[in-house]
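Understanding the architecture of this molecule
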Amino acid sequence: MRTTATLATLLALGLTATACGIEDEPTPTVEPADDGAADGAEEPADGGDNGTGDGTGDGTGDGTELDAATEAAIADLAATEGVDPADVEVVVAEQVTWSDGSLGCPDPDVMYTQALVPGYRVVLDAGGEQIAYHGADGEDPARCDDPQPPSDGGE
């Protein structure tokens, strides 16, 4: 019984000290930088690239990371298939959400995390054959010979 009373007293003192002793600090404000645009138009948050390289950007994800993943996929395909990287055409390069840890390329003998995974998919064409590469954000692309669609449809 004595332990319960002591615990209750300590809890009450702690709550009182917390309520009286801590003041919120004001949140600093950040003014937007003037990018020098005469028309006042803003660039998309992703740097103006939606993975197509045309600078149209759709405001989702990091086009630079997608560009790097696309280049890595092209380099891998060129090395494994013995084709010139200049002969590889990018069919699709987009950020997607995968339905699980398989990243849309499940192996029937493996168990995967059951959580949504932000990532990307790249589809390349080499000599009329389309090859898919899948990856999670921040990871290198992996070739996927039996690709499954992403949970968000990929578009």
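Okay, so let's go over this structure. As a convention, each chain's residues are numbered from 1 in the sequence order in which they are written. Selection of residues for local features in this predicted model requires a pLDDT of at least 70, selection of side-chain atom pairs for listing and counting requires 80 or more, and totals for whole chains, interfaces and linings are taken over all residues. With hydrogens and water excluded, all non-hydrogen atoms of the structure serve as input to the side-chain values.

1. Structural notes on the pairing of strand S3 (residues 129-136)
Two faces make up the sheet, and in a regular strand the side chains alternate between them. Burial within S3 is extensive, with six of its eight residues counted as buried. Note: two strands are recorded as paired if DSSP finds a minimum of 2 bridges between them. The secondary structure listing takes helices from DSSP runs of H or I that are at least 4 residues long and strands from runs of E that are at least 2 residues long, numbered from the N terminus. Where strand S2 (residues 117-126) meets S3, eight bridges bridge the pair, whose relative direction is antiparallel. Across the sheet, the residue bridging to Val123 is Ala132, located in S3. Where S3 meets strand S4 (residues 142-144), three bridges bridge the pair, whose relative direction is antiparallel. Note that in S4 the partner of His134 across the bridge is Ala142. From the end of S3 to the start of S4, which pair antiparallel, there are five residues, and Gly138 there has a positive phi angle of about 80 degrees. For the exposure calls, accessible area comes from a 1.4 Å probe over protein chains only, and a residue counts as buried if that area is under 20% of its type's maximum, exposed if over 50%, partly exposed in between.

2. Quick word on the nonpolar core
To define a nonpolar core, start from buried Ala, Val, Leu, Ile, Met, Phe, Trp, Tyr and Cys residues and group those joined through side-chain atoms within 4.5 Å. Counting 13 residues, the largest nonpolar core has Ala73, Leu77, Val88, Tyr120, Val122, Leu124 and Tyr133 as the members making the most contacts within it. Sorting the residues of this core by element identifies helix H2 (63-81), strand S1 (88-98), S2 and S3 as the ones contributing at least two each. Considering each element in turn, this core owes the most residues, five residues, to H2. With near-sequence residues (within four places) excluded, Leu124 lies in contact with Ala73, Ile74, Leu77, Val88, Glu89, Val90, Val91, Glu129, Gln130, Ile131 and Tyr133. Val96, Trp98, Leu103 and Val117 belong to the second-largest nonpolar core, a separate cluster that totals five residues. Note on contacts: a residue pair is in contact if any heavy atoms of the two residues lie within 4.5 Å.

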